[in-house]
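A closer look at the structure
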Amino acid sequence: MFIIGIAGGTCSGKSTLADRLAERYGDRCRVMHMDSYFRKPSITTVAPITGKTYVEHNHPDALYLDKLYADFEENAASKEFDLLIIEGLFALYLEPIRSRLDLKLYVDLDSDERLVRRIRRFTSFGQTFDEVTDRYIDTVRFRHNELIEPTRWHADLVVNGIAGPLSVDVLAAYIDKQLP
C-alpha cells in the first residue's frame, strides 16, 4: 500500500488533484476526503478581531477524529487497492496520519486565487458575497496562517494549485515506481 497525503489551504486544489489521481488509477485507488468527517452540528469559533461567532470548519476539533483515524487505519490495511490518498486541510497537520504517509504533498495557491475560488464555490451554495468574504477575513485566513500554512514544511513536494495534466503526469510517474 502506498499512501499519499494532500494538504493545502481552502480552495487550493486538494480535491481536484486527488480526484485526478484517482481517475488515473481507477480501482487501484481509494480517496478519503477529510470534508466528509466534519461534525454535524459543528463547533463554533469566535473571530479574533471582530468577535463574530462562526461555525468552525478550519480547526481539527471540528472533525470526528476518532472516525477519521479508524477509517484511515482500515483503508491503510486494505488489500482491495494499492494506493490510498487522504486529502484535506489537516492531512499534514494530524500526526497519526502524517506519520503513515509515504508521500506528503502540499498544494500551494496564492491567497487571492483561493479567495476567488471560495467566493465562487460558496455563493453557488447560496451564501452572499459578504458572508463568504467576512468569514474568510475573520476566521479562514486566521486559521490558514495558524494551522495550515506551517504544514507545508512537512511536505515532500509542494504542488502548484493550478496544476494541469503535466503535474498529474509527473506525480503518476513517481507513484508508478512505488506501486506493486
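First things first, this report covers the structure right here in the doc. (Residues numbered from 1 in each chain as written. Predicted model: local features only at pLDDT ≥ 70, side-chain atom pairs only at ≥ 80, totals over all residues. Heavy atoms only, no water.)

Things to note about the overall build of the protein
Tallying secondary structure elements over the protein gives six helices and seven strands in all. Traced from its N-terminal end to its C-terminal end, the protein shows the element sequence β-α-β-β-β-α-β-α-β-α-α-β-α. Counting only C-alpha atoms, the protein reaches 50 × 35 × 30 Å along its principal axes. Looking at the protein as a whole, 47% of its 180 residues qualify as buried. For the protein, the share of sequence-separated contacts (at least 6 apart) that also reach a separation of at least 24 residues comes to 78%. Carbon and sulfur atoms provide 51% of the accessible area of the protein, an area that totals close to 9400 Å². Counting 23 positive and 28 negative side-chain charges, the protein places the centres of these two groups 1 Å from one another. (Helix = DSSP H or I, 4+ residues; strand = E, 2+ residues; numbered from the N terminus. Buried < 20%, exposed > 50% of the residue type's maximum accessible area, 1.4 Å probe, protein only. Contact = heavy atoms within 4.5 Å. Areas by Shrake-Rupley, 256 points an atom, 1.4 Å probe, with all protein chains shown as cover. Lys, Arg positive; Asp, Glu negative; His and termini not counted. Charge placed at Lys NZ, Arg CZ, Asp CG, Glu CD.)

Focus: the packing of helix 1 (residues 14-25) against helix 6 (residues 165-178)
Look at helix 1 against helix 6: their axes get within 11 Å of each other, and the N-to-C directions meet at 55 degrees. For the element pair helix 1 / helix 6, the angle class is oblique. Here the hand of the crossing between helix 1 and helix 6 comes out right-handed. On the side of helix 1, the interface is formed by Leu17, Arg20, Leu21, Arg24 and Tyr25, while helix 6 contributes Val168, Asp169, Leu171, Ala172, Ile175 and Asp176. A breakdown of the residues in the contact of helix 1 with helix 6 according to their chemical character gives seven nonpolar, no polar and four charged. (Axes fitted to C-alpha atoms, helices over the stretch in contact; angles between N-to-C directions. Parallel < 35°, antiparallel > 145°, perpendicular 65-115°, else oblique. Left-handed = near helix turned anticlockwise from the far one by under 90°. Nonpolar A, V, L, I, M, F, W, Y, C, P; charged D, E, K, R; others polar.)

As for the nonpolar core
One finds Met34, Leu68, Ile86, Phe90 and Ile97 to be the most contacted residues of the largest nonpolar core, which totals 25 residues. For this core, the secondary-structure elements that each account for two or more residues are strand 1 (2-8), helix 2 (65-77), strand 5 (83-87) and helix 5 (129-148). Per-element tally for this core: the top contributor is helix 2, with three residues. If we ignore the near neighbours within four places in the chain, the residues touching Phe90 are Met34, Asn58, His59, Pro60, Leu63, Leu147 and Ile148. Listed in part, the 20 residues of the second largest apolar core include Ile85, Leu103, Val159 and Ile175. (Core = buried A, V, L, I, M, F, W, Y, C linked by side-chain atoms within 4.5 Å.)

Quick word on the packing of aromatic side chains
To describe a pair of aromatic rings, you give the distance between the ring centres and the angle between the ring planes. Per the counting criterion, the structure on display carries three aromatic pairs. Here Phe122 and Phe125 contribute two aromatic rings whose centre-to-centre distance is 5.6 Å and whose plane-to-plane angle is 80 degrees, an arrangement assigned as edge-to-face. Its relative accessible area of 19% is what places Phe122 among the buried residues. In this structure Phe125 comes out as exposed when scored by relative accessible area, which is 60%. If you follow Arg118 out to its NZ or CZ, it ends over the ring of Phe122, 4.4 Å from the centre. (Phe/Tyr/Trp six-rings, centres within 6.5 Å; stacked < 30°, edge-to-face > 60°. Lys NZ or Arg CZ within 6 Å of the ring centre and 35° of its normal.)

Regarding the pairing of strand 1
Of all seven residues in strand 1, seven are buried; the element is thus mostly enclosed. Every second residue of strand 1 is oriented toward a common face, with Phe2, Ile4, Ile6 and Gly8 on one face and Ile3, Gly5 and Ala7 on the other, all of them buried. Alignment of strand 1 against strand 5, held across five bridges, turns out to be parallel. Within the sheet, the bridge partner assigned to Ile6 lies in strand 5 and is Glu87. Bridge count between strand 1 and strand 6 (residues 103-108): five bridges; the pairing is parallel. Along strand 6, the bridge assignment pairs Gly5 with Lys104. (Pairing = 2+ DSSP bridges.)

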